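Chain and residue survey
Take a look at the letters that make up each chain.
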Amino acid sequence: MFGDLFWGHGSNLLLLLAPLAPLITLLAMARPSSRQKLVTIAPWSALPALLLGLMLPVGAQLDLPGTWWQAGLILDDVGRFFLVVTALLWLLSGIFATAWFGGEHADRRRDHLFMAFFLAAMAGHFGLILAQDIPTFYLCFALMGFSSYGLIVHDQTWSSRRAGRLYLFMLMVGELGLFGGVALAATQSTAMLLPGLGGAWVPGFAAVLLFALGLGIKAGMLGGHGWLPLAHPAAPIPASAVLSGVMIKAGLFGWLRLTPLETGWTAAWSEAFFGVMMLLGATAAVYAAVVGLWQKTPKTILAYSSVSQMGWLTLLLGAYLAYPTYPTYPTYPAHPVYPAYLGNSDLGQAALMLFILHHALAKGALFLGVGILQRSAGAFRRLAWWLLLLPAAALAGFPATSGMLAKHALEAVVGPLAGHMPLTSLFFLATLGTTLLMGRFLLTVRSSGPDSKAKRAMVPGLWLPWLLLLGLSTTLPWLWLIGQTPDEAAAWAGAVWSLETLRKGGGPLLLGGVIVIMALSRPWPWATTFGTALLKELRIQRHQRERGLRRWWRRQESAALHFEHRLQQWPTAGRALILLAVLLGGSLLLAF
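Note that the coordinates shown come from a computational prediction; the quantities given were computed from them, not determined experimentally. (Residues numbered from 1 in each chain as written. Predicted model: local features only at pLDDT ≥ 70, side-chain atom pairs only at ≥ 80, totals over all residues. Heavy atoms only, no water.)

Topic: the overall build of the protein
Looking only at helices and strands, the protein features 24 helices and two strands. Split into buried and exposed, the 592 residues of the protein put 55% on the buried side. The contacts of the protein with a sequence gap of at least 6 include a subset with a gap of at least 24, amounting to 82%. Split by element, the accessible area of the protein, about 24800 Å² in all, is 68% carbon and sulfur. (Helix = DSSP H or I, 4+ residues; strand = E, 2+ residues; numbered from the N terminus. Buried < 20%, exposed > 50% of the residue type's maximum accessible area, 1.4 Å probe, protein only. Contact = heavy atoms within 4.5 Å. Areas by Shrake-Rupley, 256 points an atom, 1.4 Å probe, with all protein chains shown as cover.)

Overview of the pairing of strand β2 (residues 72-75)
Of the two faces of β2, the one lined by Gly72 and Ile74 and the one lined by Leu73 and Leu75 are each fully buried. Where strand β1 (residues 60-63) and β2 come together, four bridges link them in antiparallel fashion. Looking at β2, one finds that Ala60 is bridged to Leu75. (Pairing = 2+ DSSP bridges.)

Looking at the packing of aromatic side chains
Scanning the model with the defined rule gives 13 aromatic pairs in all. The interplanar angle of 20° and the centroid separation of 5.9 Å between the aromatic rings of Phe96 and Trp100 together place this pair among those described as stacked. Of this pair, Phe96 and Trp100 both sit in helix α5 (residues 77-100), four residues apart, which is roughly one turn of the helix. Each member of the pair, Phe96 as well as Trp100, carries the same accessibility label: buried. Each residue in the set Phe81, Phe82, Phe253 and Trp480 is aromatic and connected to the rest through ring pairs, giving one cluster. Sitting over the ring of Trp100, Arg375 keeps its end group 3.8 Å from the ring centre. The residue whose ring lies beneath Arg446 is Trp385, and the NZ or CZ to ring-centre distance is 5.6 Å. (Phe/Tyr/Trp six-rings, centres within 6.5 Å; stacked < 30°, edge-to-face > 60°. Lys NZ or Arg CZ within 6 Å of the ring centre and 35° of its normal.)

Remarks on unusual backbone geometry
Of all residues except glycine, most have a negative phi; of all peptide bonds, most are trans. Here the phi dihedral of Gln156 falls at roughly 60°; this positive angle occurs in a residue that is not glycine. Inspection of the secondary structure assignment puts Gln156 in the loop between α7 (134-152) and α8 (158-188).

Function cannot be read off these values alone, since they describe shape.
Spelled out as structure tokens, the structure:
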């Protein structure tokens, strides 16, 4: 058996290094004498995956004999993209973590535990990206999910344990849903190859519902997002960066692997199902941005921002899954902004990857930036705050940022498929909400003081990975677009800077920017310094209006937070478990 494994595979054997490198480092940490040195070099376990993604040819495949489910690893175009992006963020966040926990505890026990769970989640993440069969994908998905629990509860506070309990429960619901879909695959197909890699099995309606439950919870889709606003504030800074930057993207990656992208969906229910998916994504993009405005901590605000951005990704994913090949649309009139892209079969995939790349880098930079502000004082703290404007502006979609490019790609794909969906209004509301949300984040993170370990100097282990991530978030999406589609890159960039695009996208950005600047400068108290009777009367009337507005705002805030609180309670989760049991029972009846 071992001869069959090692004979004739050549460089394909290197695929094993991606998931095995963090696992080997994790096992070596069991030895106390070498544990301290291994904790320092443990983040570099992501380097083999990064190098393999950059250097191995597309199509590299490794079959693992001796398993009844035909296990194996494969590196295709989609897998290469996810492997490079995720390995990059795992590497930089791990280097940040070694400096973040350095010297925090005398016995260094807790940073050992953090790095152990960090390595286990990393190995599971790399494994599910490279998996070519359904059981291997499921096992690696479960390893990543359960290891993330240790990252969330690392601080052992009441809030972290509460977040960990909710996350673990929702994780179990999601894993049961995913397992139910995998069980249906086993009953309907003899080959366990993933449908997205050419497998013969096409998921039916029951399996797709189960996958939507399992993958939707991991991706933070609307209704399954309750764990995100609790987990991000509870987890340490480097854990939040990988949780929001790359791990929630595993749900999107699962859809690509479990969907027959070459043939598309032919069932009568598919268009309606993915239409509902698009509607849920658009609703989440607006809803989470509005609820995030009432949050009081920077990481909670960023968590709701992740839910909002994942809503846009869900909208884009639904459009892509419904029409993966994107034929021409003769009934749709030529758009003045993106006429060259209608009929491009690679448009949907390129837009999805571009949005994922933009959000992963920008959100990772924002979370690590919160840690930089906590550990910096004086001029370096002010410098870090100004640098945070770059990823915040990108997330809001300001001109010349990767966010504007990603939102243009989203509109180019979804626009012809939106039908009667009020896409223009949703874009306006979501862009305005994200702009205000980033302004709220900048105000909150500036007002929160540094912790006791803040230094008036640059800590290299913290600043270097953050500055590198900032630079990559600013430039890499543009460079990736040029490398991916060099013929259309100039036309795409020109469309982004067209007057039509600036006119459509500039309104909410301008309105949100004015509100944010007013909140930053606070000019309204100056108007009351004049002692005239007219101004006094205007001030009295204004205060009366403000009191009524504050009362109205508090009522809306109470209603929104009450709804969010209900989503995070055990009775709600229990109803979800009952619904899961009904879905599982129905799927078994359909399977037999």
